[in-house]
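Here is how the chains run, residue by residue.
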Amino acid sequence: MKNVIVSAYYAIPAKFGHDVYLNHLIRFFRSIDCDKNYIVFFTSQETFQELKLVLSLDVMGRIHFVLTPFEALFSVSYGDLWARHATLDIEKHSWQLAAIWSEKPFFVKRAIGLFPDRNRYTWIDAGCIRDDNHEKYFKLFGTRNKYITKDDPCLHLMQVADKEKKDFYTGFDFCIGGACMFGSSDAWIIHAKNYAKQLIRY
């Protein structure tokens, strides 16, 4: 069973400029092994048209694009919440970026609806393939199958290298990242349900 890799990109205020992310997207798409992975990619009509200009027809044909306006995303309806958070963020991320981060489980849930019979669904931030070394190792991504079965109830998160604590929080730092997460369809659907419930409650 092929792994389903899910990602998204919108040209919103972010850490870097749009041209930088466009280069990351090119690396991302050309390095995925499509014999072992399906790619479901959410983006706007405008970005889709840009990608058609910079990616080969072969690469474009291996991607299942889902064209969805940014304004139509579930998490964007909570823009006031993300705007309040942005005022507290010392790293000065935009509220739009926070909304995209929040949307990850809902992107994956929609991908499950498109390809419901796969063992594993993986979210990867499209912008995280940033150099030749990343691209080299990303070619192996999704080729190992020993870590999950269809009935695995857990959502698996990425562990990143330890970093020094920052002065704006205290407590334990387990160095868990959200750039790469994978799990079965059941794990993602449960996560999306609980996340939405908490988001509405919050």
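Computed from a predicted model, the values in this text were never measured in an experiment. (Residues numbered from 1 in each chain as written. Predicted model: local features only at pLDDT ≥ 70, side-chain atom pairs only at ≥ 80, totals over all residues. Heavy atoms only, no water.)

## Remarks on the overall build of the chain
Working step 1: Assigned secondary structure in the chain consists of seven helices and six strands.
Working step 2: When the helices and strands of the chain are listed from N to C terminus, the series reads β-α-β-α-α-β-α-α-β-α-β-β-α.
Working step 3: Looking at the chain residue by residue over its 202 residues, the buried ones come to 46%.
Working step 4: Looking at the chain alone, contacts between residues at least 24 apart form 75% of all its contacts between residues at least 6 apart.
Working step 5: Within the structure as shown, the chain displays about 11,700 Å² of accessible surface, and the carbon and sulfur contribution to it stands at 57%. (Helix = DSSP H or I, 4+ residues; strand = E, 2+ residues; numbered from the N terminus. Buried < 20%, exposed > 50% of the residue type's maximum accessible area, 1.4 Å probe, protein only. Contact = heavy atoms within 4.5 Å. Areas by Shrake-Rupley, 256 points an atom, 1.4 Å probe, with all protein chains shown as cover.)

## Remarks on the packing of helix α5 (residues 95–114) against helix α7 (residues 185–201)
Working step 1: Running from N to C, α5 and α7 point in directions that differ by 140°, and their axes come no closer than 9 Å. As summarised for this structure, α5 and α7 are arranged oblique, according to the angle between their axes. Our pair here, α5 against α7, has a crossing hand that is left-handed. Note on element contacts: α7 touches α5 through Ser185, Trp188, Ile189, His191, Ala192, Tyr195, Ala196 and Leu199, opposite Ser102, Pro105, Phe106, Val108, Lys109 and Ile112.
Working step 2: By residue class, the composition of the contact of α5 with α7 is 10 nonpolar, three polar and one charged. (Axes fitted to C-alpha atoms, helices over the stretch in contact; angles between N-to-C directions. Parallel < 35°, antiparallel > 145°, perpendicular 65-115°, else oblique. Left-handed = near helix turned anticlockwise from the far one by under 90°. Nonpolar A, V, L, I, M, F, W, Y, C, P; charged D, E, K, R; others polar.)

## Re the packing of aromatic side chains
Working step 1: Counted according to the given criterion, the structure contains 16 aromatic pairs.
Working step 2: Here Phe28 and Phe41 contribute two aromatic rings whose centre-to-centre distance is 6.4 Å and whose plane-to-plane angle is 45°, an arrangement assigned as tilted. In this pair, Phe28 is assigned in helix α1 (residues 18–31) and Phe41 in strand β2 (residues 37–43), connecting sequence segments 13 residues apart. One exposure class covers both Phe28 and Phe41, and it is buried.
Working step 3: Centroid distance Phe74 to Phe106: 4.8 Å. Interplanar angle 65°. Geometry classified as edge-to-face. In this pair, Phe74 sits in the loop between β3 (63–67) and α4 (79–88) while Phe106 sits in helix α5, placing the two residues 32 residues apart along the sequence.
Working step 4: These aromatic residues form a ring-pair network of at least three members: Phe28, Phe29, Phe41, Phe48 and Phe65.
Working step 5: When the ring centre of Phe182 is taken as origin, the NZ or CZ atom of Arg120, which lies over that ring, is 5.6 Å away. (Phe/Tyr/Trp six-rings, centres within 6.5 Å; stacked < 30°, edge-to-face > 60°. Lys NZ or Arg CZ within 6 Å of the ring centre and 35° of its normal.)

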